[in-house]
Amino acid sequence: MSDVRIVPWADQILPAGVVHEQYVPPEVDAIAQQVIAQYDMEVYDKTLITSKPDKGGAIWKIGTNKGNRSLKVLHRTPQRSLYSIGAQDYLVNAGARVPALIPTKDGNLYVEAGDKSWIVTEWVEPMVPVSKIDLEGAIALCYGLGEFHRHSKGYVPPYGASKSSRLFRWPKYYEKIIAKIGWFRDIAKLYSHMPSSANLLSAVELFEKQARDIASRFHDSPYSRMIAEGEPFWGLVHQDYGWSNGQMGPEGIWVIDLDGVAYDLPIRDLRKLITSTMDDRGVWDTTWIRGMIEAYHHANPIDQETFEILWLDMAFPNEFYKHVKEIVFDPQTFMQNQLDPILARVTATESSKWAALSDLEEDKWNYKSGNYTKELSDVPFSFPLSDALPGDKLIVPPLILPDPGQPTQPVTAPVIADPPRAPQKAPATVIPLPRAGDKIFMRIPKKRSKRKKRSSKAVSRRKTRSGLRIVGSSKKTRLRIVRSSKKTRLRIVRSSKKTRLKKTSEASFKLRKRKLVKKAARLTKKRPLGLRKKTA
């Protein structure tokens with residue numbers, strides 16, 4: 001028996017004339033045949049459309065007795081892929097124009113094989129890219145994007161899926177770009193002998209100032225009040241939406257390639273589409289920008305606050321960073337062959353960019369206010385939860401296949417349509433923190449002794465193993481558990497004659513509570529009276 005696992009094949013030496021995007025290793029093709037056997041269809045032909053050799057993904061067009069279909073191996077982990085598979089099924093049921101997933105013979109929506117997730121979807125025909133040279137094509141593309149975002153609202157991933165969220169990361173994103181623009185300055189100084197160094201230093205001074213100014217304005221924006229609405233409220237972004245992943249098909253724009261969907265403010269997709277289009281045209285055209293925004297607005301209405309965030313994100317020097325970031329991998333070659341034309345093109349659009357943004361800035365008053373009144377302090381949490389929390393990740397054992405030549409069947413994954421779910425006391429992705437008045441108290445008995453009582457300062461006993469420290473007195477005992485390795489910190493502080501327990505993670509609280517009582521009993525050599533909740 002051998003553990004068969006699909007790995008990237010970008011470094012494999014291929015036959016002459018064969019490119020990686022038109023090739024998959026024989027072992028991947030063999031697993032594809034086993035996956036097809038799990039579906040109720042007869043396959044007449046199988047054509048490789050494209051592959052991702054650096055990540056281990058591929059797409060085939062398969063001709064079957066039930067029409068053309070698509071077979072796809074998702075290059076991400078099975079847990080992360082489950083998030084996007086669940087999103088695709090949710091969007092189909094909501095009425096979005098995305099390819100429907102074909103269930104297996106057992107009713108599953110995907111098959112796990114080779115440590116990857118495989119899906120079969122309908123092959124939508126005909127589909128053609130919209131025109132990039134006229135505004136009508138851009139308007140159609142933006143309207144389709146708005147429909148996609150509107151249908152994605154309310155999505156909650158299946159149990160076991162590894163959640164992907166960028167909703168809370170906007171400040172960190174801006175900080176990262178500013179820091180990397182600083183790297184460009186360091187590279188320019190390091191390679192000061194090259195002719196393009198002076199041009200790069202000049203561009204860095206311009207765009208770094210812009211980035212800092214916009215980041216400062218973003219700090220005062222309604223962003224924090226908007227994200228307090230939560231992830232399902234905003235829905236999903238595609239992250240790679242454009243002229244190839246949004247195409248004109250039956251009854252409108254169809255959205256494909258949903259592998260990278262994530263929670264976020266939806267206008268991040270719209271900003272990427274607008275700024276990349278203006279960059280391709282070489283000039284910022286307010287007629288195009290307004291037409292694209294209005295088309296999106298008709299499909300998925302935006303408000304003043306959303307428009308303000310969109311404007312700020314357009315003003316940030318994203319295109320400069322996108323084109324120059326490759327310099328960090330091979331500075332000398334990049335500066336010698338590519339840098340000067342890029343800087344000339346990016347700086348040439350600056351005057352038209354800021355003229356267009358100045359004209360667009362007051363457009364936000366054309367939209368109604370969203371009236372976002374929540375603050376992050378009013379919601380149970382204000383940060384994306386870790387993948388290690390309960391309900392946020394399900395470890396699926398890898399597929400074990402026998403030696404080549406022996407027939408076998410891949411392991412099928414659970415049915416998404418009716419997955420086991422966590423208890424519905426709270427949303428699966430929300431762990432409420434305790435509020436004032438909802439405290440837990442623990443009685444710790446005083447040590448009885450015939451000896452004279454000593455002052456609290458005179459009695460001090462400590463045990464530092466496993467990060468545990470005890471400070472005791474005749475009447476009161478204070479127990480503190482400090483952070484140890486990656487474990488959650490619990491802290492007990494003295495409160496009158498009782499001891500108050502503050503909990504930071506409901507998921508681990510019950511188990512740690514029992515351990516805490518046992519440790520207190522062992523260290524005080526007395527049996528504790530137990531735990532009880534404070535009553536009103």
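Residues numbered from 1 in each chain as written. Predicted model: local features only at pLDDT ≥ 70, side-chain atom pairs only at ≥ 80, totals over all residues. Heavy atoms only, no water.

Okay, the overall build of the chain next. In terms of helices and strands, the chain carries 15 helices and 17 strands. Restricting the contact set of the chain to residue pairs at least 6 apart, pairs at least 24 apart contribute 72%. Accessible surface, the chain: about 28,200 Å² in total, of which carbon and sulfur atoms supply 51%. (Helix = DSSP H or I, 4+ residues; strand = E, 2+ residues; numbered from the N terminus. Contact = heavy atoms within 4.5 Å. Areas by Shrake-Rupley, 256 points an atom, 1.4 Å probe, with all protein chains shown as cover.)

Under the defined criterion, the tally for this structure stands at 19 aromatic pairs. Seen from their ring centres, Phe-233 and Trp-234 are 5.1 Å apart, and the 85° between their planes marks the pair as edge-to-face. Trp-234 sits in the buried class, given a relative accessible area of 6%. Grouped by ring-pair contacts, the aromatic residues Trp-170, Tyr-173, Tyr-174, Phe-218, Tyr-223 and Phe-316 constitute a single cluster. For Arg-268, the ring lying beneath its charged end belongs to Tyr-173, and the centroid distance is 4.7 Å. Positioned above the aromatic ring of Trp-288, the side-chain terminus of Arg-281 is 4.1 Å from the ring centre. (Phe/Tyr/Trp six-rings, centres within 6.5 Å; stacked < 30°, edge-to-face > 60°. Buried < 20%, exposed > 50% of the residue type's maximum accessible area, 1.4 Å probe, protein only. Lys NZ or Arg CZ within 6 Å of the ring centre and 35° of its normal.)

To continue, consider unusual backbone geometry. The phi torsion of most residues other than glycine is negative, and most of the peptide bonds are trans. The step from Glu-125 to Pro-126 runs through a cis peptide bond, and the omega angle for that step is -10°. Within the secondary structure layout, Pro-126 lies in the loop between strand S6 (116-122) and helix H3 (135-152). In the Ramachandran plot, Asp-257 falls in the positive-phi region, its phi being about 60° despite a non-glycine side chain. Here Asp-257 shows up in the loop between strand S9 (252-255) and strand S10 (262-263). Given a relative accessible area of 26%, Asp-257 falls into the partly exposed group. Positive phi, close to 50°, is recorded for Asn-371, a residue that is not glycine. By secondary structure assignment, the location of Asn-371 is in the loop between helix H14 (350-360) and strand S11 (400-401). Note on Asn-371: relative accessible area 59%, which makes it exposed.

Taken in spatial order, the five strands of this open sheet run S2-S3-S4-S6-S5, and their pairing is antiparallel. Of all strands in the sheet, those with a lone pairing partner are strand S2 (43-52) and strand S5 (111-113), marking the two edges. Strand-to-strand, the axes of this sheet are offset by a mean angle of 25°, without reference to chain direction. Taken together, the six bridges between strand S4 (residues 67-74) and S6 define a ladder with antiparallel strand orientation. Of the residues in S6, the one forming a bridge with Val-73 is Trp-118. Sheet strands touched by helix H2 (residues 78-94): S4, S5 and S6. Its angle to S6, the strand with the most contacts, is close to 20°. (Pairing = 2+ DSSP bridges. Axes fitted to C-alpha atoms, helices over the stretch in contact; angles between N-to-C directions.)

What follows is about helix H5 (residues 196-219). Over its 24 residues, H5 runs 34 Å from end to end, which matches the ideal 34 Å to within 8%, given 1.5 Å per residue. Among all positions of H5, only Ser-196, Ser-197, Leu-200, Ala-203, Val-204, Phe-207, Glu-208, Gln-210, Ala-211, Ile-214 and Phe-218 are buried. (Expected span 1.5 Å × (residues − 1).)

Quick look at a nonpolar patch on the surface now. On the surface, Trp-183, Val-328 and Phe-329 cluster together into a nonpolar patch covering about 350 Å² of accessible area. With respect to the helices, strands and loops of the structure, Trp-183 is situated in helix H4 (residues 170-190). (Patch = residues over 30% accessible without salt bridge, like charges linked within 9 Å, V, L, I, M, F, W, Y side chains within 5 Å. Salt bridge = Lys/Arg side-chain N within 4 Å of Asp/Glu carboxyl O.)

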